[in-house]
Amino acid sequence: MDFSLSEERKMLQETIARFFENHYDNINKHHINGNLPNGFDNSLWQESADLGIISALVSPNFGGLGGTGEDISIVFELIGKSLCVEPFLSTAVLSNTVLTSIPNPKSNLISKIIEGNLLISFAHSEMNSRYEESHIETKAEFKNDKWLINGDKSFVLNGDSSDQVIVTARIEGNVNDRNGIGIFLLDNKEINKRSYNTIDGYRAAELKFDNSSGELLARDHHALKCIIKANSSGALALSAEALGIMQICFDMTLDYLKTRKQF
């Protein structure tokens, strides 16, 4: 099999590599950006949108320039090499995947993501989920002509600074049922949150919903399909990021072995 990149993707790779080399020229930038109020540099996020990096993670069907597994791998390998902390994973991969996979895709929101004008977090993980994609304890109830969400979500990337949050909640059934799941879009202002920095420098939050109103995006098998697709895209992105990190570690080790002197 031929794993070489096309000319277009080589250009994409070179452009993004230069961008990250200019903005993340040393490890201190990773620490500085991670400790900013939002956990990342807003101006750098906007620059990445203007350059088309966010667009590279979105399908042409929704105004993007890529969105394939190959595009995700290219971008996130370079993110790993630079240790970039901007919300590419939470907004441009996880949330974008949900918004493009629901029965009625949210093209207006996707366009704002591409432009760098909208941040959305994907809140699915829970304290007791143990990586089970259908294990959802958070409840959703339709009352007085609106959906109300109650429960807790854990480790929501950029959950403290996003404009909106995509939340998975159980409409009916037991906590492990693969049916009866809903996906909702909430305004982040309605959510109680506790933010913290993760061990790898990202910003995450614990979210608590107390009769928070939301818009139903998908339910039942459509919802589960979106969850699986989003988590799969996220796993690919993190794998590529890890590959980039390992490559840098290898290069640094090799350089050290070439220059060290034995005493």
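What you are looking at is a predicted structure, and each value in this text was computed from that prediction instead of being measured. In every chain, residue numbers begin from 1 and rise along the written sequence. Note on the predicted model: pLDDT of at least 70 is required for a residue's local features to be given, and 80 or more for side-chain atom pairs to be given and counted; whole-chain, interface and lining totals, by contrast, use all residues. Each side-chain value is worked out from all heavy atoms of the structure, with water and hydrogens disregarded.

Asks: Sorry, what's going on with the nonpolar core here?
Replies: Note on soluble globular proteins: their nonpolar side chains tend to be buried together. Residues belong to a common nonpolar core when they are buried Ala, Val, Leu, Ile, Met, Phe, Trp, Tyr or Cys residues joined through side-chain atoms within 4.5 Å. The cut-offs for exposure are 20% and 50% of the maximum accessible area for each residue type, with area from a 1.4 Å probe on protein chains only; residues under the lower value are buried, those over the upper are exposed, and the others partly exposed. Residues Phe20, Phe76 and Phe88 are the most contacted members of the largest nonpolar core, which totals 57 residues. Contacts are residue-level and defined by heavy atoms, with any inter-residue pair within 4.5 Å sufficient. When residues no more than four places from it in sequence are discounted, the contact partners of phenylalanine 76 are Leu57, Phe88, Leu89, Val93, Ala237, Ala240 and Glu241. In terms of nonpolar packing, the next biggest core, distinct from the first, is built from 15 residues, Trp147, Phe184, Ile191 and Leu207 among them.

Asks: How should I be thinking about the packing of helix 1 (residues 7–23) against helix 4 (residues 69–82) in this particular structure?
Replies: When two helices pack together, their arrangement is given by the angle between the helix axes and the distance between those axes. In this description, a line fitted to the C-alpha atoms serves as the axis of each element, helices being fitted only across the stretch in contact, and the angle between N-to-C directions of two axes falls anywhere from 0 to 180 degrees. Numbering of helices and strands runs from the N terminus; a helix is a DSSP stretch of H or I covering at least four residues, while a strand is a stretch of E covering at least two. Between helix 1 and helix 4, the shortest axis-to-axis distance is 10 Å and the interhelical angle comes to 25°. The orientation of helix 1 relative to helix 4 falls into the category roughly parallel. In the packing of helix 1 onto helix 4, the handedness of the crossing is right-handed. For the pair helix 1 and helix 4, contact is made by Arg9, Leu12, Gln13, Ile16, Ala17 and Phe20 and by Glu70, Asp71, Ile74, Val75, Leu78, Ile79 and Ser82, respectively. Roughly parallel here means an angle under 35 degrees, roughly antiparallel means over 145, roughly perpendicular means 65 to 115, and every remaining angle is called oblique. Handedness of a crossing follows from how the near helix is turned relative to the far one, being left-handed for an anticlockwise turn of less than a right angle and right-handed for a clockwise one.

Asks: Looking at this structure, I do not really get the environment of glutamate 133. What am I missing?
Replies: Relative to the assigned elements, glutamate 133 resides in the loop between strand 1 (120–123) and strand 2 (139–143). Expressed as a C-alpha distance, the spacing of glutamate 133 and isoleucine 228, which sit 95 residues apart in the sequence, is 6.9 Å. Discounting residues that sit within four places of it in the chain, glutamate 133 has contacts with His124, Leu224, Ile227, Ile228 and Asn231. A distance of 3.5 Å separates polar atoms of two side chains, one belonging to glutamate 133 and the other to asparagine 231. Identification of polar contacts relies on pairs of N or O atoms within 3.5 Å, with a donor-acceptor requirement for protein atoms, meaning one able to donate a hydrogen and the other able to accept it, and with residues adjacent in sequence counted only if both atoms are side-chain atoms.

Asks: Help me understand the confidence of the model for the protein chain in this model?
Replies: Keep in mind that low pLDDT regions are not for reading the predicted coordinates in detail. pLDDT measures how confident the predictor is about each residue, on a scale from 0 to 100. A residue-level look at the protein chain finds 99% of positions with pLDDT of 70 or above and a mean pLDDT of 93. Confidence, read as mean pLDDT per element, is least for helix 1 in the protein chain (90) and greatest for strand 1 (98).

Asks: Which parts of the structure should I look at to understand the side chain of glutamine 164?
Replies: Locating glutamine 164 in the fold gives a position in strand 4 (residues 164–170). With relative accessibility at 19%, the residue glutamine 164 sits in the buried group. When neighbours within four sequence positions are excluded, glutamine 164 is seen to be in contact with Leu109, Leu118, Leu119, Ile120, Ser121, Leu185, Leu186 and Asn188.

Asks: What is the right way to look at the layout of surface pockets in this model?
Replies: If you roll a probe as big as a water molecule over the atoms, it shows you where there is empty space left. Using protein atoms alone on a 1 Å grid, points that fit a 1.4 Å probe yet trap it form a cavity, whereas open point sets bounded by protein on both sides within 12 Å along at least five of seven lines form a pocket; residues with an atom within 4 Å of a point count as lining. Grid points are joined across faces, edges and corners, and a volume is the space filled by probe spheres set on the points. When its volume is computed, the largest pocket comes out at roughly 910 Å³. What lines the largest pocket is a set of 29 residues, and nearest its centre among them are Ser125, Tyr131, Phe155, Leu157 and Leu238. Elements with a minimum of two residues in the lining of the largest pocket: helix 5 (88–101), strand 3 (146–157) and helix 7 (220–259). Counting residues per element, the lining of the largest pocket draws most heavily on helix 7, at seven residues. Charged residues are taken to be Asp, Glu, Lys and Arg, nonpolar residues to be Ala, Val, Leu, Ile, Met, Phe, Trp, Tyr, Cys and Pro, and polar residues to be all remaining types, Gly included. For the lining of the largest pocket, the class distribution of residues is 15 nonpolar, eight polar and six charged. Here the second largest pocket is characterised by a volume of approximately 350 Å³. As for the second largest pocket, its lining consists of 16 residues, of which Tyr24, Lys81, Ser82, Leu83 and Ile248 are closest to the centre.

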